[in-house]
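Notes for the structure review
Chain by chain, the residues:
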Amino acid sequence: MMALVSEAWRLQPIVSLILAEHLTKTFDAAGHDGSPVTAVRDVDLAIDAGEFVAITGASGSGKSTILHMLGGITRPTSGRVMLEGVDLAKLDDDALALVRRRRIGFIFQRYNLLPELSLLENVALPLVFDGVKESACHKAAMEAIESVGLAPRASHRPDALSGGEQQRGAIARALVTRPAVVLADEPTGALDTVNSRHVIELLSCLVKDRGQTVVLVTHDQTTAAAAGRLIRVVDGRIASDTLVGDADDHSVVSSARTAVR
Amino acid sequence: MNRLSLLLRQWRNRPGRAIATAASVAVAVGAVVATWLSADASREGYRRLAESIEGVPSIDITPRETGRWDGSGVPKLIDIPGVRAVVPLVYKPALLRSDERRIREVAVGVDAGGLVDAGFLKLVEGRACEEPDEIVVSRTLADSLDKSLDDTLLFLSRRGGYRTMKITGIADTQSLSALSDGGGVVVDIEALGELTGVRGLIDRFRLVLRPEASRQAVLAAVNERLPEKLHAIVPAGRASMAHDMLNAANLGLDFVTALTVAMAWFIVGNAMLMNVTERRRAFALQRVLGATTRQISRMLFWEAAAIGAVGAGFGAVGGILAAGPIAKGIARAIRAPDFAIAYNPWIVVAAVLIGPAVAVLAAWWPTRQAAKVDLLESLAHMAPPPENISWKLVTTAAVLWSLAVGILVAVVTGVLPPRSAVPAGIATTLAFIATTPVVLPLLARLLAGFVPSKWRIEGALALEQILRQPVRTALTTGVLVVAVSNGVGLGHAIRDNVDDVLAWYAKALKADWMLLQAGALGVSRETSPSAGSGIVEEVSAIEGVETVQPISIAIGSAGGVACVIVARDMPPNEQLPLEAVGMSDDELRTIVDEGGLVAGTALAQRLKVKAGDEVTVSAFGRTIRANVAALVVDYTAGGTSLFMSREAARRIFGIDSVDALLIESSPAAAAGLREPLEAVAKRHGLLLQSHADLHATIDRIINGIVGALWSILGLGFIVGSLGVANTVTMNVLEKRRTLGLLRAVGMTARQVTRLVVIESLLLGLSGCIIGILGGIASAWFIQLSSQPLLGHPVSMSFRPEVILSNLAAAIAITAIAAWLPARRAVRLDLLDSIAAE
């Protein structure tokens, strides 16, 4: 399976970085009466390299579930996700872990730094799992930390960092493997306004300066405004898909994506 | 940083969790090491006890069908490992004269010099007999006849004349008794043949074994070499009893050891499961960041191995320290000589090696669970989803029940040996634990109904915690289930067996005073008619004596199995001293009066005969074929006994000795009889025992058994309580977020304490109730399994005192076990708990 992943990455070029087709996700017995709940219904989505996409929607609309399926954290009940041409549904758990480790960077609302590790060690963690030598891990992690402006705090544990610092640390961790895409789930949800602005600026810079693809989920319109493309999710379906500054609606973007597949 | 240092960081961050897990391993390993060492020491103690009863270990070679034979057909056996000497033996009742006294005594014909050299026959004075006119006598006989070295005795020969025999040696009574099954004099084998007309014939070859030899192995090796007409058997009497006692003790010790291992397994497995479950989120995060399931598994296995090694090291040391007092307690209980624990340093090494292996194995299932953890569920700060009872668990329980019942049926029907009951017992215990998740919800709900209404919130929350994870709760209670079922099962089984023996004693040995040949009661099968029949008249003449009942005891064989032949009459209008199986007392009395042969149930079981079947019985060179007229419950020589009237014994085998006298007196005269009876005992070299002495002896034995039982129970409960305390502590650690939230929304410290204590008590009581049911099943199991050994069913009584004491101990233990975790729960920092990663 690992070979399949490597092979697929060699078989470039691929037009869409992420391509989701007919994504549906149903959670068993998640309803109040124990009935199944369908969180995402038949979603088609294509994201190109270098895009900054914001998925918005009300709480419970299914936006985070879409993000989790794009990142291979959960598998769709039906439909498929192609990342750089690789169908994630065809990968077993370990191959999927390899994809998450090397090709995807995650940022969470609650930072999710391991409390027993220093910031430097937290950032280095994906490289540790990749078996990278300690010195190389250290160097790459420091570079990532420096890029988010936290070099002086590298040896601190998460509980000694502010919320904003922890989130920047989480961004550094997401970047350390130079992933194809950064997926951020409500990255400013736990931050104050100033820190929220810093985090969004950081993500914008990544896109502009490095060409990094970023997909973020947020219910905050100010945060979403920083993105170049806005996808609004309502009741598990894409209600609109808009390029910021354009009057085009969802169908316009969708048809454009379909055309280049 | 590498993955190992990530592990170390996790330990350092949560030392309590690592310590609690290591402590679980330490408790488990400690319990196993302590039980193992004390069981080993007990085995050694029982072996020495058996040796002291038996003397030197030996086995006999006899013909399968006939009695005395010419000794032909015996191949070379001395080269079999463990065999020290091969000695031909012949026994003949003899009449001796000393001055004006005529004494009946069993004479043993052997190569005495060789036996003395081999250390099998111990002389306290003089030398072995070598010439045809030389004789060795026992110390008891010499004292009773007032004879010393170089004195003479007259030996009545077959031709009617007396031969003057010079006493060349005085033998240690016990040593001679062990050699000759109670004989009192030793004569050269050739000379005895010439004197008694059995020249060229022998009764048996006795193989003297080395102390370290395995009797079973030698028996098997010898039987393999023997021709069809001969076989090797464990000698009757002392050796047979010692052999049976050793087997029974080993069975019990195997069972206890296996139960401790099972309990240890649950403790370690549960600790590992909780350790891993608590870190579901961390593992989920690591998997989101790219750790593979294999990496997580490997990391956890390393952790288990490391924690296992640390825990096992401490546990081994603790176990060794604990084994000493436990072994001493058991030694006192069984009154074994030179009982000492063997501190084998390899046990520590083995424990330190096996500990990690067990921890890794115990971590296998939790690790699989951790690797499969739902990433979304864990990242969303959700509690683990409720467990469902899987078909796998139900299948496992069904398989275990089938296995246990299958083995039990095989043991009861004799397809498998009684020792197979050990795995069956373990399978039953495991089956109960596997069934626990199914019955636990009902039981916990039922018990929660007893929580006072003013604590209903705490009760409801505690119940919810338990019901949410029935499988894990079953593992938690598993430790207690094993401890309680062990206690209730063994408690019932031992008390029932003791009562059965007591009932037998009360019936068979009903007397105010007893005069016996030297030796413990129940082992008094020495065929030493030194007292002669005149002693009955002598004792009857003492004022205050109302009845005197003589009993003759001889060694023989039935159907090739060594047995004890007990000859006693059944006086009319008196309670029957035997308990008939399947017939009335009157019918049994008639059978004995008419000279019928009555077999003990254990002997009948071994011979696979029932009332009406024919058997071959041999004693003193005479062999008959007779029908077993009836079966009786009996414990003489482990139940391998044959009963007949004294008249029949005299007529058939020439047994007319008096080996024991049961004396009843008027109540007023009972105390005053000691002095005249002691004088009789001294004159005849007998042992005087009063009813009070007898009861004191029995009480001591029972107290010893009960003491040993309580030691085992105590150990089980200590291990169980440590397991429960540890589990509840880990429960609190795992639920710190829930507890923090509860406190944040207004739950007081006292309510949190009550919640933890109620949860612990619900766990403890559920475990205890299941354990009690398991214990009653185990007791029934043990009774059924022992039926093939005893030959008769021991009636099982319901003993509320055993059940209530176990219940009380379980409640006390779980309440105490909850105290520390409750304190910990109260002291949790609210912010830390809510933000718990």
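Nothing here was measured: the structure is a model prediction, and the numbers come from that model.

Parameters and conventions
- Residues numbered from 1 in each chain as written.
- Chains lettered and ligands numbered in written order.
- Predicted model: local features only at pLDDT ≥ 70, side-chain atom pairs only at ≥ 80, totals over all residues.
- Buried ≥ 20, exposed ≤ 12 C-beta atoms within 10 Å, placed from the backbone.
- Helix = DSSP H or I, 4+ residues; strand = E, 2+ residues; numbered from the N terminus.
- Pairing = 2+ DSSP bridges.
- Contact = placed C-beta atoms within 7 Å.
- Nonpolar A, V, L, I, M, F, W, Y, C, P; charged D, E, K, R; others polar.
- Axes fitted to C-alpha atoms, helices over the stretch in contact; angles between N-to-C directions.
- Parallel < 35°, antiparallel > 145°, perpendicular 65-115°, else oblique.
- Left-handed = near helix turned anticlockwise from the far one by under 90°.

Attention now moves to the pairing of strand β11 (residues 513-516) of chain B. Residue and element names in this part refer to chain B. The alternating pattern of β11 places Trp513 and Leu515 and Met514 and Leu516 on opposite faces, both of which are buried. Of the strand pairs in this sheet, β11 and strand β19 (residues 660-665) are connected by four bridges, and their pairing is antiparallel. Paired with Leu515 across the strands is Leu661, a residue of β19.

Let us now look at the interface of chain A and chain B. Taken together, the 24 residues of chain A in the interface contact 23 residues of chain B. At the level of elements, α3 (93-103) and α4 (119-129) of chain A are the ones that each hand at least two residues to the side of chain A that touches chain B. Split into classes, the residues belonging to the side of chain A that touches chain B amount to 13 nonpolar, three polar and eight charged.

What follows is about the sheet that holds strand β1 (residues 18-27) of chain A. All names here are of chain A. Spatial ordering of the open sheet is given by β2-β1-β4-β5, a layout of four strands whose pairing is antiparallel. Because the sheet does not close on itself, it has two edges, and the strands there are β2 (37-47) and β5 (86-87). Where β1 and strand β4 (residues 78-83) come together, five bridges link them in antiparallel fashion. Paired with Ala20 across the strands is Val81, a residue of β4. Contacts from helix α2 (residues 63-70) reach β1, β2 and β4 within the one sheet, and its direction differs from that of β1 by about 120°.

Turning our attention to the environment of Ser552(B). Tracing the chain through its elements places Ser552(B) in strand β12 (residues 545-558). Sequence spacing of Ser552(B) and Ala660(B) is 108 residues, and the spatial spacing of their C-alpha atoms is 6.8 Å.

A few words on the packing of helix α13 (residues 391-412) of chain B against helix α14 (residues 421-448) of chain B. All names here are of chain B. For the pair α13 and α14, interaxial distance at closest approach is 8 Å and the crossing angle is 155°. With respect to each other, α13 and α14 are oriented roughly antiparallel. Considering how the two elements wind past one another, α13 and α14 form a crossing that is left-handed. Contacts between α13 and α14 involve Leu393, Thr396, Ala397, Leu400, Trp401, Leu403, Ala404, Ile407, Leu408 and Val411 on the former and, on the latter, Ala421, Pro423, Ala424, Ala427, Thr428, Leu430, Ala431, Ala434, Thr435 and Pro437. The residue inventory of the contact of α13 with α14, partitioned by class, reads 17 nonpolar, three polar and no charged.

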